[in-house]
Amino acid sequence: MTAPTLPALTIGPHQVWPPVVLAPMAGITNVGFRRLCREQGGGIYVCEMITTRALVERNPKTLRMIAFGVEEQPRSLQLYGTDPEITAAAVRIVVERDLADHIDLNFGCPVPKVTRRGGGSALPWRRRLFARLVKAAVDAASPAGVPVTVKMRKGIDDDHLTYVEAGLAAQDAGVAAVALHGRTAAQRYSGTADWDAIATLKSALDVPVLGNGDIWEADDALRMVAHTGVDGVVIGRGCLGRPWLFADLEAAFNGSPERRLPSLGEVAVTMRRHAELLVEQFVAGARNPARGERDGCTDFRKHVAWYLKGFPIGSELRRSLAMIESLAQLDDLLGKLDPAVPFPVENLGQPRGRTNSPGKVFLPDGWLASRDDDTPPDGAELDDSGG
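Residues numbered from 1 in each chain as written. Predicted model: local features only at pLDDT ≥ 70, side-chain atom pairs only at ≥ 80, totals over all residues. Heavy atoms only, no water.

Can you break down the sheet that holds strand β4 (residues 44–45) residue by residue, with the values?
A sheet is described by the order of its strands in space; here 9 strands give the open sequence β4-β3-β11-β10-β9-β8-β7-β6-β5, paired in parallel fashion. The open sheet has two edge strands, β4 and β5 (50–51), and neither has a second partner. Strand contacts of helix α6 (residues 127–141): β7 (102–107) and β8 (148–153), with the helix running at about 170 degrees to β7, the strand carrying the most contacts. (Pairing = 2+ DSSP bridges. Helix = DSSP H or I, 4+ residues; strand = E, 2+ residues; numbered from the N terminus. Contact = heavy atoms within 4.5 Å. Axes fitted to C-alpha atoms, helices over the stretch in contact; angles between N-to-C directions.)

Dropping the structure here:
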């Protein structure tokens, strides 16, 4: 597919090319994974979600999660909050301690433990509270020139859509860009993303709009841009077990037809690099290097099935790879793979990561009754970062 002609993505003072953003994913987008992806291609790579309350309370785990490699520019941090005052306090900490160059606000999380408290994708329904919170974040960040963006869903469900109104409110509050996942909270990760909704939002706003949802291949990104007119794309589940997607995206936006179809041997090399980077990250944060290596390998285990999806590999070897405790053990097992096995092209364009069915959105009692209540929801501030 021919690449649409796009300028660099502008996020405040930052010019980003290609116009690609890695979505924050809990337990995934840590320093090691982001570095692996950045080695493939350019863009903005967002760290795991940080909760405003945990940051304000100086939660040790949260502070450890706010870590960036020296090559990461701009440093991008996503915050989850529901209280304008706490959010503003968290943003001031980010600014005063120079923790990040870009702040994204999470209004897209559909997880029941979040929406039942009025947070995530439930919060834009309370339009005055949403506007207050975004304005508080922008006002706290703007003196330092740190741009704020928002990421959201279409709404709670098809009967309670909020994305255009929320997008306009965010723009009025001074955000640098708005990202839309073309699903409702009720859809979770099921069905098909509504690219028409993304196009509607793009036509309604003057600030850059980013599209998210069902980008499994680089050509999907080109199709989304052509269909919606968005200024850039957000990549989530599509890169799981396929960090080379970012190489394909850079090639695609530069007009090149080149796409990677790595053999099993090449995938094994990428797996080893991923595990090595995770071990490096965990060793740096551990008192005991052996414990750090074990923790890094344990963190890598979740990625094994994604990397090997579609390849003809025996269940015993798959199981062993998903139980590694050291790099030496990983090397031994990867050596048992047949490096000549070609990439399973039948898997191209197929969903990766979480897939589930639509479900009821759990909300606080009376949440839908008043759109103009700007009182922060009781108990919605989470004290644990990462999702």
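Describe the pairing of strand β11 (residues 232–235), and please don't skip the residues or the numbers.
For a regular strand, side chains alternate in direction, first toward one face of the sheet and then toward the other. Alternating positions in β11 separate into two faces, Gly232 and Val234 on one and Val233 and Ile235 on the other, with burial throughout. Two elements, strand β3 (residues 20–22) and β11, share 3 bridges in a ladder whose sense is parallel. When the sheet's bridge partners are listed, Val20 is paired in β11 with Val233. Inspection of the sheet shows strand β10 (residues 209–212) paired to β11 by 3 bridges, in the parallel sense. Looking at β11, one finds that Leu210 is bridged to Gly232. (Buried < 20%, exposed > 50% of the residue type's maximum accessible area, 1.4 Å probe, protein only.)

Could you give an account of the nonpolar core, with specific residues and numbers?
Ranked by size, the top nonpolar core spans 71 residues in total, and within it Leu105 and Val134 carry the most contacts. With 9 residues, the top contributor of residues to this core is α6. The residues touching Val134, leaving out its near neighbours within four places in the chain, are Leu105, Phe107, Val150, Ala170, Ala173 and Val175. Counting 27 residues, the second-largest nonpolar core is a separate cluster that includes Leu36, Trp244, Phe300 and Ile313. (Core = buried A, V, L, I, M, F, W, Y, C linked by side-chain atoms within 4.5 Å.)

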